[in-house]
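# Residue-level structural notes
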Amino acid sequence: MQAEDARYLKRKVKGGTIDIHPTEKALVVNYELEATILGELGDPMLGERKECQKIIRVKSLNPNSDLSSLAKEIIDKCKLIHPSKLPEVEQLLYYLQNRKESEPTKASGKTQLQEKPEVPTYDATEIDEVANINDVDDYMELLYEDVPEKIRGSALILQLARNPDNLEELFQNETVVGALARVLREDWKKNTELATNIVYTFFCFSSFTQFHGVILHFKIGALCMNVVEHELKKYDMWNEELQRKRKTAEGEKDKKTKEDLEKSLQKYDGLVKKQEQLLRVAFYLLLNLSEDLKVEMKMRNKNVVKMLVRSMERDNFELLILVVSFLKKLSIFIENKQEMATMNIMERFVKIVPCEHEDLLNITLRLLLNLSFDADLRSKMIKFGLLPKLVGLLNNENHRLIVLCILYHVSMDDKSKSMFTYTDCIPMVMKMFLESPENPDLELLALCINLAANKRTAQIICEGSGLKMLMKRAFKFKDPLLMKMIRNISQHDGPTKNLFIDYISDLAEATLNCDDEEFALEALGILGNLTIPDLDYELILREYNLVPWIKERLMPGSAEDDIVLQVIILVGTVCNDDACAKMLAESNIIQCLIELLNAKQEDDEMVCQIVYVFYQMIFHESTREVIIKDTQAPAYLIDLMHDKNAEIRKVCDNTLDIIAEFDEEWAKKIQLEKFRWHNSQWLEMVETRQMEDMADPYMYPEDEYDPYLQDADILDRPDLFYGDAYDNGIMDGHLTPEYIDENGVYDGKPYGYGYGADADDGYEPYARPESHVGFVMEGSQATDDYGNLLDPYSQPMVDPYSQPVVDEYGRYINNGAQEEEDYNQYGYGMR
């Protein structure tokens, strides 16, 4: 067939069956559309058939409706229903009238949840006439008329766009797309229905990625952002006006005022309903466009997060599902999450969690899960009372897994763990765990492990026969994660620790003979936590022959670091007992620990635990001598005394204090090391000065200079502190401590009192003199009591700035003569 042969187009509509809409108060009319192209002589050249549906909503239907009149009205307006089907229509309306409203799914059982929001439906698109793709140019012409015609034309184009088969053809017609964009840009403020129709049309295009380019070309996304922002401002204005009228009605209590308020409320409800339809299609369009991260970034720069959070205060479930879905997508970026936090998004969840709408609740919990990675937002969950609400959702199978993940994140904070004791979480979790099959959900186990790390929650877990059931299940299934939970329980002091006495034999057996290394490691960790005063550790070591096993594990490279660390902790625990400490010391365990300390000196945790073992052994008289006299443990402790790790320093200091108390030789070395560390900067300066002075061979003969500081005991070198004053007994007007007794008395007088003319005046002990240059002014530049020079012809020994004067050879001037011997010997010049 040639294109020029086609002359006529014949369309035939054939009515079909009438059904009931499954969820809404509506009739579904099925019909068949047959389009035939006729040739010049009227013969059919090409034909196509298509099955179509039309939905007729009857929202005005109520128990008092006249079904006969309503059925006639429907048949008169809808040409697709033949008048002969009047009884059938009445019967269907009767069924709709008596059908119960579909209720939201209850939280009792597990239902199918929607991952994405439903495609919005809009009443304004339901018009009497059926749109035809061949008349699209006529519909476009309506867009150039007044607002009512524009609404009708946009509704017909939207009817075509809602059928995905027509999108490609509409897309090829650039004139139609351009006209829609122009009308939306110019007239969106004039009529909400018009704006909704056009935005809905572009939303249909946005459902397919290949059409995004055209939408971005006409800047529809930016225009939708402006529409949303404007509508939110209008909503705020409506609320303010409504609040004013309510206050007026409450104050005046006039019948007319109340009637005005009721009319305003009805008008408000109608406006909000239309506005929420527009917001829904606009947000859905933006959500589809945000597949491109660059476009999403532009939306964020235009405050899309702020708009979405503000929209969460609405009561429309469909709109809320869309808004929360959009926020969930945005929340994976930290900038968006921080902006949500500044908008107090946690406060908005209070009215949504929980809610009757299952899909909304599910998507809200997913958003909460994304936000729960932030510690500040987790604390706000506690602040706004979301924790008990989340715990209450554990009984709902639809949301249990997500809620467990959120509760796990909350339980990571130590401050939040205790808040679980004010909810029913622990009994519910224990019940779920003990009734679960062999391999429970990892999220459930992780939550239990975190809760067991808190002393109060651990006590609740162990109430009744809780610990007994956990131990029974752990040894039955050899579950290392469950053993980790039990290990967390065992670390708390109090009555819970004594409950483990009955399981020591099982734990020791699992430690020595279990094939599962992780399970054995956790069992070993539990034994290491059992610091119980009344426990006979010696009996345990002998009964299970643990000493050779411990010694073997402590050899460097013989076992994994995790196992070695737990063995060291176990040694530190059993060393509480004097007999055990002696047994281990005699088994050369201390030397093994020293070798391990050399090999693992970069591992702070292992070093700290080894030092703690030494600390425990120092307490016992039977092992104290072994450590101090027979090992180099004190020397290693001195080396670690200034470690960068605060805990290691603390344990070392405590251990060295005990060693210094019982051994004078080590006490002196410890004191010297502490002095070196405390005065390290000063010592470094002195050593540097000595090295510089010794570099001149003419100044110091080779056999006359003092030895290096490191070759002598600093505490035995008082001349370093007091200089020549140490030899003379007087230093700068003060006395050295060597000449003062323990009562602070020197020569029968309190220290700090002078002699001679000023003997009765005295001065404050340790007072700093006005000047220290008096001792270099003897002789030539000394003055009498009236300030006159004793020797006016002598050279000054200090300059105007009170600095000693030197001659051209760099020597100090002393009454015209130099003390060469003192200078050569000490390098200080004038003494």
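Residues numbered from 1 in each chain as written. Predicted model: local features only at pLDDT ≥ 70, side-chain atom pairs only at ≥ 80, totals over all residues. Heavy atoms only, no water.

### Comments concerning the overall build of the protein chain
- Counting secondary structure elements, the protein chain contains 42 helices and seven strands.
- Put simply, the protein chain has 831 residues, and 44% of those count as buried.
- In the protein chain, of all internal contacts separated by at least 6 residues, the share reaching a separation of at least 24 is 64%.
- Put simply, the protein chain shows about 46,200 Å² of open surface, and 48% of that area lies on carbon and sulfur atoms. (Helix = DSSP H or I, 4+ residues; strand = E, 2+ residues; numbered from the N terminus. Buried < 20%, exposed > 50% of the residue type's maximum accessible area, 1.4 Å probe, protein only. Contact = heavy atoms within 4.5 Å. Areas by Shrake-Rupley, 256 points an atom, 1.4 Å probe, with all protein chains shown as cover.)

### As for the side chain of T511
- Mapped onto the elements, T511 comes out in helix α27 (residues 504-513).
- Assessed through its relative accessible area of 9%, T511 is described here as buried.
- Once residues lying within four places of it in the same chain are set aside, the contact partners of T511 are A520, A523, L524, L527 and W549.

### Let's talk about the pattern of salt bridges
- In the structure shown here, the tally under the stated rule is 25 salt bridges.
- In this structure, E186 and R182 form a salt bridge, with 3.3 Å as the shortest nitrogen-oxygen distance. Remark: R182 and E186 occur in helix α6 (residues 174-187); sequence separation between them is four residues, near one turn of the helix.
- Among the residues examined, R182 registers a relative accessible area of 23% and is labelled partly exposed.
- Where K274 meets E193, a salt bridge forms, and the shortest distance between an N and an O atom there is 3.5 Å. (Salt bridge = Lys/Arg side-chain N within 4 Å of Asp/Glu carboxyl O.)

### A look at the UniProt feature "coiled-coil region" (unreviewed entry) in the protein chain
- Look at the UniProt record and you will see "coiled-coil region" (unreviewed entry) annotated at residues 239-278.
- Note that residues 239-278 is 95% helix and 0% strand, and that its end C-alpha atoms are spaced 18 Å apart. (UniProt positions renumbered as here; feature names shortened; annotations may be inferred.)

### Structural notes on the packing of aromatic side chains
- Under the definition given, this model contains nine aromatic pairs.
- With centroids separated by 6.2 Å and ring planes inclined at 80°, the aromatic side chains of F208 and F211 adopt a geometry described as edge-to-face.
- Judged by relative accessible area, which is 31%, F208 ranks as partly exposed.
- Ring pairs connect the aromatic residues F171, F205, F208 and F211, which therefore count as one cluster.
- Positioned above the aromatic ring of Y235 is the side chain of R314, whose terminal nitrogen or guanidinium carbon lies 3.6 Å from the ring centre. (Phe/Tyr/Trp six-rings, centres within 6.5 Å; stacked < 30°, edge-to-face > 60°. Lys NZ or Arg CZ within 6 Å of the ring centre and 35° of its normal.)

### Structural notes on the nonpolar core
- Core analysis: the largest hydrophobic core is formed by 200 residues, its most contacted members being F283, L365, L368, L407, I486, I550 and L554.
- Mapped onto the domain boundaries, this core takes at least three residues apiece from domain 2 (135-253) and domain 3 (536-689).
- Not counting residues within four places of it along the chain, the set of residues in contact with L554 comprises V564, V567, I568, I589, C592, L593 and L596.
- Counting 20 residues, the second largest nonpolar core, distinct from the first, contains L27, I56, L70 and I74. (Core = buried A, V, L, I, M, F, W, Y, C linked by side-chain atoms within 4.5 Å. Domains from an automatic or database assignment.)

### Here's the deal with the confidence of the model for the protein chain
- Per-residue confidence for the protein chain averages 80 on the pLDDT scale, and 76% of its residues sit at or above 70.
- Contacts for the low-pLDDT stretch residues 788-794, under 50 throughout, to residues beyond four places or in other chains number 15 contacts.
- Predicted confidence for residues 814-831 stays below pLDDT 50, and this span has 35 contacts to residues more than four positions away or in other chains. (pLDDT = per-residue confidence, 0-100.)

### Description of a nonpolar patch on the surface
- There is a patch of nonpolar side chains on the surface, built from L293, I332 and F333 and spanning about 290 Å² of accessible area.
- Locating I332 in the fold gives a position in the loop between α13 (317-330) and α14 (334-342).
- For I332, a relative accessible area of 59% translates into the label exposed. (Patch = residues over 30% accessible without salt bridge, like charges linked within 9 Å, V, L, I, M, F, W, Y side chains within 5 Å.)

### Looking at a negative patch on the surface
- A cluster of acidic side chains, namely D137, D138, E141, E145, D146 and E149, defines a negative patch on the protein surface.
- Of all the elements, helix α3 (residues 136-142) adds the most residues to the negative patch, at three residues.
- Its relative accessible area of 46% is what places E141 among the partly exposed residues. (Lys, Arg positive; Asp, Glu negative; His and termini not counted. Charge placed at Lys NZ, Arg CZ, Asp CG, Glu CD.)

### Describing the environment of Q591
- By the secondary structure assignment, Q591 is in helix α33 (residues 589-599).
- Q591 gets classed as partly exposed once you look at its relative accessible area, which sits at 30%.
- Put simply, Q591 and I627 are 36 residues apart on the chain and 9.5 Å apart in space, counted from C-alpha to C-alpha.

### Some words on the packing of helix α30 (residues 546-553) against helix α31 (residues 561-574)
- At a minimum axis distance of 10 Å, the contact between α30 and α31 shows a crossing angle of 135°. The angle between α30 and α31 places the two elements in the oblique class. For the element pair α30 and α31, the recorded crossing hand is left-handed. Touching W549, I550 and R553 of α30 are I563, V564, V567, L570 and V571, all from α31. (Axes fitted to C-alpha atoms, helices over the stretch in contact; angles between N-to-C directions. Parallel < 35°, antiparallel > 145°, perpendicular 65-115°, else oblique. Left-handed = near helix turned anticlockwise from the far one by under 90°.)

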